[in-house]
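Descriptive structure summary
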Amino acid sequence: MRKSGYPVPAMVLIAFSVGFVLSLWACASAGSMGRKAPDRTLPQYSQNGWKNVKIVGGGMIPGIIFNTAQKGIAYVRTDMGGAYRWNSENESWIPLTDFAGVDDYGRLGIASIATDPVEPNRVIIASGTYTNDWDKTPSQMLVSEDYGGTFKRINMPFKMGGNMPGRGVGERLAIDPNNNRIVYFGSFGDGLWRSRDYGNTWEEVKSFPTKGNVYDNDFTFYADKNFKHFHGIMWVIFDPASGTPGQGSKNIYAGVADTRQTIYESTDAGATWHPLEGQPAMNVRNEREHAHLVENCPCNKYYPLRGIYSPDGSLITAWNAGFGPYSSSFQGGKIWKYAFASKKWEDISLPPSPFYNPSEHKTPDRGVGCVAVDWQNPNVLVAVTLNNWWPDEHIYRSTDGGKNWDPIWDMDGWPDRINKYSIDINMAPWLDWGEQKELPEENPKLGWCIACIVIDPFNSNVMMYGTGATIYGTKNLTDWDRNRRVRFEVMAEGIEECAILDLVSPTAGVHLFSAMGDIGGFIHANLNRAPNMIVNPTIGGVNSIDYAAAKPSYLIRMGDGKLGISSDSGKTWKPSEKYIEGADTGWSGTAAVSADSRIIVWAPGNLPPHWTNNEGKTWTVCTGLPPGTRVVSDRVNPARFYAFGKPQGGRDAAYSSVDGGRTFQVMNNSFIKGEVSAVNLKAVTGLEGELWLAAGEAGLYHSADGGKTWTSLAGIDIAPIIGLGMAAPGASYQCLYTNAKIRGKWGIYRSEDKGASWIRINDDAHQFGAATTTITGDPRIYGRVYLGTNGRGIQYRDLE
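Residues numbered from 1 in each chain as written. Predicted model: local features only at pLDDT ≥ 70, side-chain atom pairs only at ≥ 80, totals over all residues. Heavy atoms only, no water.

1. Digging into the overall build of the protein chain
- In terms of regular secondary structure, the protein chain is built from two helices and 63 strands.
- Relative to a compact globule of 800 residues, whose C-alpha radius of gyration would be 28 Å, the protein chain shows 28 Å and is just as compact.
- Summarising its shape, the C-alpha atoms of the protein chain cover approximately 85 × 65 × 50 Å along the three principal directions.
- When each of the 800 residues of the protein chain is scored for burial, the buried share is 64%. (Helix = DSSP H or I, 4+ residues; strand = E, 2+ residues; numbered from the N terminus. Rg over C-alpha atoms; globule rule 2.2 N^0.38 Å. Buried < 20%, exposed > 50% of the residue type's maximum accessible area, 1.4 Å probe, protein only.)

2. Points about the nonpolar core
- Core analysis: the largest hydrophobic core is formed by 62 residues, its most contacted members being Ile64, Trp93, Trp430 and Ile471.
- Of the residues forming this core, the biggest block, four residues, is contributed by strand β34 (residues 452–455).
- Here Ile64 is in contact with Tyr75, Val76, Trp93, Cys452, Val454, Met464, Tyr465, Gly466 and Ile471, once residues within four sequence places are set aside.
- Ranked by size, the runner-up nonpolar core spans 36 residues in total, among them Leu305, Leu315, Ile335 and Leu350. (Core = buried A, V, L, I, M, F, W, Y, C linked by side-chain atoms within 4.5 Å. Contact = heavy atoms within 4.5 Å.)

3. Structural notes on the pairing of strand β52 (residues 680–683)
- Burial along β52 is two-sided: Asn680 and Lys682 facing one way and Leu681 and Ala683 facing the other are all buried.
- Where β52 and strand β53 (residues 691–694) come together, four bridges link them in antiparallel fashion. Within β53, the residue paired with Asn680 across the bridge is Ala694. (Pairing = 2+ DSSP bridges.)

4. Digging into unusual backbone geometry
- Backbone torsion omega between Gly324 and Pro325 reads 5°, so that peptide bond is classified as cis.
- Along the chain, the position of Pro325 falls in the loop between β24 (314–320) and β25 (335–339).
- Note that the residue after Asn443, namely Pro444, is joined by a cis bond; omega there is 0°.
- Checked against the element boundaries, Pro444 lands in the loop between β33 (421–424) and β34.
- In this structure, Tyr198 is a non-glycine residue whose phi angle is positive, near 70°.
- Structurally, Tyr198 is set in the loop between β12 (192–195) and β13 (203–204).

5. Some points on the sheet that holds β52
- The four strands lie next to each other as β52-β53-β54-β55, forming an open sheet whose pairing is antiparallel. Among the strands making up the open sheet, the edge pair consists of β52 and β55 (711–712).

6. Side note on the pattern of salt bridges
- Counting across every chain of the model gives 35 salt bridges.
- In this structure, the salt-bridge partner of Lys437 is Glu435, at a minimum N-O distance of 3.6 Å.
- For Lys437, a relative accessible area of 32% gives the class partly exposed.
- Taking the shortest distance from any N to any O, the salt bridge between Arg598 and Asp596 comes out at 3.9 Å. (Salt bridge = Lys/Arg side-chain N within 4 Å of Asp/Glu carboxyl O.)

7. Some remarks on the packing of aromatic side chains
- Under the definition given, this model contains 35 aromatic pairs.
- Judged by centre distance (6.0 Å) and plane angle (90°), the ring pair of Trp430 and Trp433 falls under edge-to-face.
- Given the relative accessible area of 21%, Trp433 is considered partly exposed.
- Clustering of aromatic rings is evident, with ring pairs tying together Tyr253, Tyr309, Trp336, Tyr338, Phe340, Trp345 and Trp375.
- One cation-aromatic arrangement involves Arg122 over Tyr198; the distance from NZ or CZ to the ring centre is 3.8 Å. (Phe/Tyr/Trp six-rings, centres within 6.5 Å; stacked < 30°, edge-to-face > 60°. Lys NZ or Arg CZ within 6 Å of the ring centre and 35° of its normal.)

8. Regarding the pairing of strand β36 (residues 471–474)
- Residues of β36 alternate between two faces, with Ile471 and Gly473 on one and Tyr472 and Thr474 on the opposite face, all of them buried.
- Two elements, β36 and strand β37 (residues 486–490), share three bridges in a ladder whose sense is antiparallel. Its bridge partner being in β37, Gly473 is matched across the sheet by Glu489.

9. As for the sheet that holds strand β51 (residues 665–668)
- Ordered in space as β48-β49-β50-β51, the four strands form an open sheet in which the pairing is antiparallel. If you trace the sheet from one side to the other, it starts and ends with β48 (630–633) and β51, each paired once. Ignoring strand direction, the axes of neighbouring strands in this sheet form an average angle of 30°.
- Across four bridges, β48 lies against strand β49 (residues 641–645) in antiparallel orientation. Residue pairing for β49: Val632 is matched across the bridge by Tyr642. (Axes fitted to C-alpha atoms, helices over the stretch in contact; angles between N-to-C directions.)

10. Comments concerning a nonpolar patch on the surface
- A grouping of Tyr326, Trp389, Trp390 and Trp414 is seen on the molecular surface, where their side chains present a nonpolar patch of about 480 Å² in accessible area.
- Locating Tyr326 in the fold gives a position in the loop between β24 and β25. (Patch = residues over 30% accessible without salt bridge, like charges linked within 9 Å, V, L, I, M, F, W, Y side chains within 5 Å. Areas by Shrake-Rupley, 256 points an atom, 1.4 Å probe, with all protein chains shown as cover.)

11. A few points about the side chain of Ser310
- Positionally, Ser310 belongs in strand β23 (residues 303–310).
- A polar contact is formed between the side chain of Ser310 and the side chain of Asp312, at a distance of 2.8 Å.
- Excluding residues within four positions of it along the chain, Ser310 makes contact with Ile316, Val373 and Pro378. (Polar contact = N/O pair within 3.5 Å; in protein donor to acceptor, adjacent residues only side chain to side chain.)

12. Quick look at the environment of Val236
- Residue placement: Val236 occurs in strand β16 (residues 233–238).
- Considering only alpha carbons, one finds Val236 and Val256, 20 residues apart in sequence, at a separation of 9.4 Å.
- Setting aside residues no more than four positions away along its own chain, Val236 makes contact with Glu171, Arg172, Ala174, Tyr184, Gly186, Leu192, Ile252, Tyr253 and Ala254.

13. Considerations on the state of the cysteines
- Going through the model one piece at a time under the given rule, you end up with zero disulfides.
- Cysteine Cys370 remains unbridged, with the sulfur of Cys452 as its closest cysteine sulfur at 6.4 Å. (Disulfide = S-S within 2.5 Å.)

14. A look at the side chain of Arg792
- Note that Arg792 resides in the loop between β62 (781–788) and β63 (794–797).
- A distance of 3.1 Å separates polar atoms of two side chains, one belonging to Arg792 and the other to Tyr84.

15. Remarks on the environment of Thr131
- Among the structural elements, Thr131 can be located in the loop between β7 (123–127) and β8 (140–144).
- Sequence separation between Thr131 and Val236 is 105 residues, and the spatial gap between their C-alpha atoms is 20 Å.
- If near-sequence neighbours (up to four positions away) are discounted, Thr131 is found in contact with Lys159, Met160, Gly161, Met164, Phe188, Phe227 and His229.
- Separated by 2.9 Å, the side chains of Thr131 and His229 make a polar contact.

16. With respect to the environment of Leu386
- The topology assignment puts Leu386 in the loop between β28 (381–385) and β29 (395–398).
- In the structure, Leu386 is positioned 64 residues away from Gly322 in sequence and 9.3 Å away in space, judged by C-alpha atoms.

These values are about where atoms sit, not about what they do.
Here it is in structure tokens:
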């Protein structure tokens, strides 16, 4: 192997721009390995006719990863919405993983991303959403040689937790800057893994001493209380100065969630490992004890959630007592810096919170979500707290390597605060949550669940950080040092991460209304602009939305045990006079309003349905329906409602009411063929008694007589959802839309002939994960369909 044409002294990183040096590294390494220089042409992104209804963000951003060899290359990982690449031309994010479909939706939970510091066209994505049994598919490494344009998918012999507790730690993936064939991955309790061929094949590093013994099993969605989610090996870092291009790095470091030692070192390229000498003890527990970690426990040990390489030749680690994303900074934490050359540790922790109260908080130490270094000047650092919750997060900046820290805001006598920043949320106005706060709180907040913060390695003015709802960023970061305000703005254009629970498209007025988890849903008066938050009532998770067929300006929205009403197409809202006592506050249940708007039927997920004819002043139990039934109203006759459910110990049944929902009768309980795995019941606009039922693995059914008789459609293997839209030209019956498995092939389909034939309207590159909750056509635009996804927002498509 010939020598590189570019000598790289051990400490050259201090003297020059590190981005420039690593660019030289890339040329040297590629040449020394006998390969041609990598193609740095970014692939074109095709939407194939599909577009997002703009909400902009809407979910947690656990990681933002810049490439240090090529300017303008950055990636984002989300917890349930896939991976994205930065488009510097229009400052937006390009989705990379929309190829994931219903059968492999786990590809949208991203555990880690590594962008190659030698050949920037290479990127590796660790994909897997859950370590419990929710996701039956294997986790995969997605290996790309064209910036994420295409991927080779490598099955892994363990599960990953892109949407599990601790998802903001990292990065678990790391590529050796001296030999980019070598890739490491820290798993979730299954050890340290290594690839010697760019991520195409993997082996466990058997010599690594521990898999990590800290686990969590009290998170709310664990049905199995015996299940243990191990946080495992949280990050891997190489010391570039310990090797030469083409030969690999000798010194490697890994951070582990373990009650004994938490940072391990290898000085022989991963052959052997030992605890890093002098590492902070951070209140070590009994070595034999497994740590049972509860999300909000007063933990008595700090863990290095994140490790980053600094171009001054050091490892910087961010410590916290909890693993996030919800654990509080007040549980404690630290920032420690380890110099590779001198092997010395330095405590560069944040100052105590101005709200530290010894009677409430066990320690003045600040829990840290992440720390970042300026590659143009390694003495410049930024760090962010992890969940102060109240009154706001703190971002800090240091220009002397962490000896002193300056907060982005401070108190100026109670309750006033001095802000050294401004926030522009024009791109996503809902981020103020529709309300103003009393000082010292403010809206919009700097964020919460902030697990990542980064400075562009090529531009000291550009910083981004991910929150539980969006990405904020700035292009004038260094103004902070000149006592000028830092201007934060939403930098999440292109990212759509909401979980959509219901959609309606009325026959008049605004074309689309949505119901969704976490942020409630919106009135989409302009599909290309994010809307404001709906308030009065504010509902965090709206599970059902409906409109009155003969009075389409009248709408209802239900969720979290609340019900809101609008009589002016969503311009104003009011809560129902009363809520149903004991109604489920989770994302469950349905609600329907009669065609003339006079009757509302509310079916909580945990109670029998109730009806009201006075907007909730009184609620009366509907006779004849079991708890958990799905209800819809007839789109013509205001006295008729329909329902589908299963009484305890009984059979799946279709129900009907002809007295405004007061009483229901079983119409048919013998038509279902197979196991009902989903229930999506729809009534056809303009035709009384016309119903469609998507029953998941039990298929798709049609009734033309109010549910008395049902026809099972042939060729439908699985149909979780069904929607209706404007009839085709020359036809009188509404078009049908579904995301279903038809004759062995999953796809998004349209039928113009009552399901006799189906046209697939997506391709394998645009499947959008588990988009199986809601779909609707537009009753006024032929061919337009709106699809709700679980992590990729609302997708819509018009006829080409």
